[in-house]
Amino acid sequence: MGRRGYEMMMKRCALLWILSLSALLCDAQGLLRRDLPKYDYIVDSLNEIVTPGSDERQKAFFAKLDSLVLCHEGNVNVLHIGGSHVQADIYSNEIRRNLDSINAYSQSGRGLIFPYTVAKTNNPSNYKIQYKGTWTTTKNVQRDRKAVLGLTGIAVTTSDSLAEMTVYLNGKSSNSRWVCNRLTLIGYTDSLQKVEPVVRLTDSTLYSARYDADKSTYSFDFPHMVDTFTIMWDQMDREPHEFTLTGLLPETSNPGLVYSSVGVNGASVPSYLSCENFDRDLSLVHPDMVVFAIGINDALVKNFSEERFVQRYDSLIAKVESESPGCYYVFVTNNDSYKRVRNARKVQYEVNMNGLKARNAFYKLAEKHDGSVWDLFSIMGGLGSMKLWEKDGMASKDKVHFTHKGYVLIGDMFYNALMSAYLEMNVKR
């Protein structure tokens, strides 16, 4: 685009912003989910995005949102990363669904996914995986690993000539919201040109890949949008050759907001730091905002150290900065939780006091890295509140995880807080 074209685009966006802002603010509630259930122990007044340091990164991110909301142009990428809370992809998917209202004018990509079903662990219900063949699994929570890991923190490996997997981007839903006309498969083999992935669409058409050795990706382009595809692995000779898959990125050529979520049950900050290709895979997602929700497993240890926790996060953030400098960070504090303890052969639960320490650490991280905090710990009611959530059917009996009902509420509250911060910043401008 030439300078004249760029100036015309900026003038048009500025005019659209002026014309649309008043309507946007007059109907602010239209961007928020209404009629959220009320509970005495949830502190609604604390449901906000707090920025203890500089807000320059937040402003830059919200300016990108303006391009989508007001001009229907550009791309915004969000990465949500955590442990089991995120692997289940209930509350992160609720945020995704809410933010998808920004994409109402077009169909954007679904974001990075992983075939957890193949790894014989819980797969998000919002997309479905069916597979054949024999596979082995490697996770970033394991000490002894058989595969090199990337951003997703998990991998599946096969040498089975009958191996294949079919991906349904919309799961059981008949609403084909998520589609793609481009698929990036992240994976590797030590037997290049002896085993390679191919994709079959529902009309039985086969597509071969473009291989990128630097990023270790296989890219497929389709002539039309699809929401279902099958990946197979061609073995070129009679010898079995291993192939390791670490992620799938279904994309579209449309502008919009793409919300990727990455989670592994039991994962901590060191778990992701140990993933050899974490940095490289970040370049595929190229996040404009990272929602950091790792910490519940870090804080389960007896001798939890705020200082060590911050230092480890510093290292992880440095990896993100190397690929997405200026990225906006939102830190989600740990939820209140309980520890299992054995007393006279009876299992009991005691409140995890490390929740307060972890909360303080997240505020330090936000100030240090010019990010923001969404203080779930305080919003949900603070120390001991998990029992109240459990009583109302919003937390599980382990007093660490939430039920579907609880996760949906958390996702809606986060979305409301983010949109409130966005609207408030627009008022100030």
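What this report covers is the structure whose coordinates are included nearby. On a predicted model such as this, the values are computed, not experimentally measured, just so you know. (Residues numbered from 1 in each chain as written. Predicted model: local features only at pLDDT ≥ 70, side-chain atom pairs only at ≥ 80, totals over all residues. Heavy atoms only, no water.)

Looking at the overall build of the protein chain
Piece 1. Across its full length, the protein chain carries eleven helices and 19 strands.
Piece 2. Against the globule reference of 22 Å for 429 residues, the protein chain gives a C-alpha radius of gyration of 22 Å, in line with a compact fold.
Piece 3. Along the first, second and third principal axes, the C-alpha set of the protein chain runs to 75 × 65 × 40 Å.
Piece 4. The buried share among the 429 residues of the protein chain stands at 54%.
Piece 5. By sequence separation, contacts in the protein chain at least 24 residues apart represent 78% of the contacts at least 6 residues apart.
Piece 6. A gap of 5 Å separates the mean positions of the 49 positive and 48 negative side-chain charges of the protein chain. (Helix = DSSP H or I, 4+ residues; strand = E, 2+ residues; numbered from the N terminus. Rg over C-alpha atoms; globule rule 2.2 N^0.38 Å. Buried < 20%, exposed > 50% of the residue type's maximum accessible area, 1.4 Å probe, protein only. Contact = heavy atoms within 4.5 Å. Lys, Arg positive; Asp, Glu negative; His and termini not counted. Charge placed at Lys NZ, Arg CZ, Asp CG, Glu CD.)

Looking at the sheet that holds strand S4 (residues 136-139)
Piece 1. The strand order across the open sheet formed by six strands is S4-S5-S13-S7-S11-S10, and the pairing between neighbours is antiparallel. The two strands at the open ends of the sheet, each matched to only one other strand, are S4 and strand S10 (210-212). Pairs of neighbouring strands in the sheet enclose a mean axial angle of 30°, with direction left out of account.
Piece 2. When S4 meets strand S5 (residues 154-158), the two strands line up antiparallel, connected through four bridges. Paired with Thr-136 across the bridge in S5 is Thr-157. (Pairing = 2+ DSSP bridges. Axes fitted to C-alpha atoms, helices over the stretch in contact; angles between N-to-C directions.)

A closer look at the packing of helix H6 (residues 278-285) against helix H7 (residues 306-323)
Piece 1. Relative to each other, H6 and H7 sit at 45°, their axes nearing to 9 Å. Taken together, the axes of H6 and H7 are oblique relative to one another. As H6 packs across H7, the resulting crossing turns out to be right-handed. Between H6 and H7, the residues in contact are Phe-278, Asp-279, Leu-282 and Ser-283 and Leu-316, Lys-319, Val-320, Ser-322 and Glu-323, respectively.
Piece 2. Grouping the constituent residues of the contact of H6 with H7 by class yields four nonpolar, two polar and three charged. (Parallel < 35°, antiparallel > 145°, perpendicular 65-115°, else oblique. Left-handed = near helix turned anticlockwise from the far one by under 90°. Nonpolar A, V, L, I, M, F, W, Y, C, P; charged D, E, K, R; others polar.)

What to know about the sheet that holds strand S9 (residues 206-207)
Two modes of strand pairing occur in sheets, parallel and antiparallel, and in both the strands are linked by backbone hydrogen bonds.
Piece 1. What the five strands build is an open sheet, ordered S3-S6-S12-S8-S9; its pairing is antiparallel. Strands with a single pairing partner mark the edges of an open sheet, and in this sheet they are strand S3 (128-132) and S9.
Piece 2. As paired strands, strand S6 (residues 164-168) and strand S12 (residues 228-235) are joined by five bridges and run antiparallel to one another. When the bridges of S12 are listed, Thr-166 appears paired with Thr-230.

Re the pattern of salt bridges
Piece 1. Within this structure, the stated rule accounts for 19 salt bridges.
Piece 2. A salt bridge links Asp-55 to Lys-59, with the nearest nitrogen and oxygen atoms 3.8 Å apart.
Piece 3. The partner of Asp-279 in a salt bridge is Lys-319, with the nearest N and O atoms 3.2 Å apart. Separated by 40 residues along the polypeptide, Asp-279 in helix H6 and Lys-319 in helix H7 bring together distant segments of the chain.
Piece 4. Asp-279 gets classed as partly exposed once you look at its relative accessible area, which sits at 22%. (Salt bridge = Lys/Arg side-chain N within 4 Å of Asp/Glu carboxyl O.)

Topic: the nonpolar core
Piece 1. Counting 71 residues, the largest nonpolar core has Phe-229 and Phe-292 as its most contacted members.
Piece 2. Ranked by size, the runner-up nonpolar core spans 46 residues in total, among them Phe-61, Val-78, Ile-379 and Ala-417. (Core = buried A, V, L, I, M, F, W, Y, C linked by side-chain atoms within 4.5 Å.)

Thoughts on helix H2 (residues 56-71)
Piece 1. In this model, H2 (16 residues) spans 22 Å end to end at C-alpha, consistent with the 22 Å of a helix rising 1.5 Å per residue.
Piece 2. Among all positions in H2, only Arg-57, Gln-58, Phe-61, Phe-62, Leu-65, Asp-66, Leu-68, Leu-70 and Cys-71 are buried.
Piece 3. Following H2 by one or two positions, His-72 adopts a phi angle in the positive range, close to 55°. (Expected span 1.5 Å × (residues − 1).)

With respect to a nonpolar patch on the surface
Piece 1. Taken together, the side chains of Met-353, Leu-356 and Leu-383 make up a nonpolar region of the molecular surface, amounting to roughly 250 Å² of accessible area.
Piece 2. Assessed through its relative accessible area of 36%, Leu-383 is described here as partly exposed. (Patch = residues over 30% accessible without salt bridge, like charges linked within 9 Å, V, L, I, M, F, W, Y side chains within 5 Å. Areas by Shrake-Rupley, 256 points an atom, 1.4 Å probe, with all protein chains shown as cover.)

Details of the packing of H7 against helix H8 (residues 354-368)
Piece 1. Remark: H7 packs on H8, axes separated minimally by 9 Å, with the N-to-C direction vectors making an angle of 40°. When the axis of H7 is compared with that of H8, the two are oblique. Crossing of H7 over H8 shows right-handed handedness. When H7 is examined against H8, the residues Glu-306, Phe-309, Val-310, Tyr-313, Asp-314 and Ile-317 are found in contact with a partner set consisting of Lys-357, Asn-360, Ala-361, Phe-362, Lys-364, Leu-365 and Lys-368.
Piece 2. Residues belonging to the contact of H7 with H8 are distributed by class as follows: seven nonpolar, one polar and five charged.

So, the side chain of Thr-252
Piece 1. The topology assignment puts Thr-252 in the loop between strand S13 (243-251) and strand S14 (256-263).
Piece 2. A distance of 3.1 Å separates a polar atom in the side chain of Thr-252 from the backbone oxygen of Gln-107.
Piece 3. There is a polar contact of 3.2 Å between the side chain of Thr-252 and the backbone nitrogen of Asn-254.
Piece 4. In contact with Thr-252, other than residues within four places in its own chain, are Gln-107, Ser-108, Gly-109, Val-179, Cys-180, Asn-181, Arg-182 and Met-225. (Polar contact = N/O pair within 3.5 Å; in protein donor to acceptor, adjacent residues only side chain to side chain.)

What to know about the side chain of Asp-89
Piece 1. For Asp-89, the position within the fold is in the loop between helix H3 (84-87) and helix H4 (91-99).
Piece 2. Take Asp-89: its relative accessible area is 3%, and that puts it in the buried class.
Piece 3. For Asp-89, the side chain forms a polar contact with the main-chain nitrogen of Asn-93, separated by 3.4 Å.

As for the pairing of strand S7 (residues 180-188)
Piece 1. Burial of S7 is extensive: seven of the nine residues sit out of reach of the surface.
Piece 2. Where S7 and strand S11 (residues 217-226) come together, six bridges link them in antiparallel fashion. Residue pairing in the sheet places Cys-180 in a bridge with Val-226 of S11.
Piece 3. Pairing between S7 and S13: seven bridges, direction antiparallel. Directly across from Arg-182, in S13, lies its bridge partner Glu-251.

No statement about biological role is implied by the geometric values presented.
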